[in-house]
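Here's the letter readout for the chains.
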Amino acid sequence: YNQQLQNYNTQRSSMMNGLFGLGGAAILASERSLKRDVKLFGRLENGLGVYLFRYLTGPAWHVGFMADEVQKIYPEAIVPWAAGTRAVDYGKVAELMGAHA
């Protein structure tokens, strides 16, 4: 059990560092319709899903949130994006979660 708990905490810490290590200015297109190969990676304590995905425009894998989920919990972290889509201000999410140093 202790090993499983330690693995979970390590995974969660890595996930948080990856998401919020982007810096306060990171605003990323986060609309589901702009992504493919979406896989749920985990959930934060506040219920936000953390996903692995690729943008429709490229082959690289990314980790991040979905705008529709962020809007339900932190609507002030949503930024209008091109063609009526939404983006997530990761710095604002970190600030609202109390994770911002």
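Located above this text is the structure these notes cover.
Residues numbered from 1 in each chain as written. Predicted model: local features only at pLDDT ≥ 70, side-chain atom pairs only at ≥ 80, totals over all residues. Heavy atoms only, no water.

Q: I'd love a proper account of the overall build of the chain, names of residues and values included.
A: The secondary structure content of the chain amounts to three helices and six strands. In the chain, which comprises 101 residues, the proportion classed as buried is 34%. (Helix = DSSP H or I, 4+ residues; strand = E, 2+ residues; numbered from the N terminus. Buried < 20%, exposed > 50% of the residue type's maximum accessible area, 1.4 Å probe, protein only.)

Q: So, the sheet that holds strand 5 (residues 78–80): which residues are in play, and what are the values?
A: Across the sheet, which stays open at both edges, the three strands sit in the order 1-6-5 with antiparallel pairing between neighbours. On the outer flanks of this sheet lie strand 1 (27–29) and strand 5, each paired with one strand and no other. Shown here is a sheet whose adjacent strand axes are inclined to one another by a mean of 35 degrees, direction ignored. Pairing geometry for strand 1 and strand 6 (residues 86–89), over three bridges, is antiparallel. The residue of strand 6 that forms the bridge with L28 is V88. Contacting strand 1 and strand 6, helix 3 (residues 90–97) crosses the sheet at an angle of about 50 degrees to strand 6. (Pairing = 2+ DSSP bridges. Axes fitted to C-alpha atoms, helices over the stretch in contact; angles between N-to-C directions. Contact = heavy atoms within 4.5 Å.)

Q: Tell me what's going on with the sheet that holds strand 4 (residues 61–64), and back it up with residues and numbers.
A: Strand order in the open sheet formed by three strands is 2-3-4, with antiparallel pairing between adjacent strands. Bordering the open sheet on either side are strand 2 (35–43) and strand 4, each of which pairs with just one other strand. In this sheet, neighbouring strand axes are inclined to one another by 25 degrees on average, regardless of whether the strands run parallel or antiparallel.

Q: So what's going on with the pattern of salt bridges? Residues and values would help.
A: Scanning the model with the defined rule gives seven salt bridges in all. The closest approach of N and O atoms between D68 and R32, which form a salt bridge, is 2.9 Å. Pair noted here: D68 is in helix 2 (residues 67–73) and R32 is in the loop between strand 1 and strand 2, with a separation of 36 residues, a long-range link. Judged by its relative accessible area of 36%, R32 is partly exposed. The salt bridge involving D37 is made with R36; its shortest N-O contact spans 3.0 Å. The exposure class assigned to D37 is partly exposed, which follows from its relative accessible area of 35%. (Salt bridge = Lys/Arg side-chain N within 4 Å of Asp/Glu carboxyl O.)

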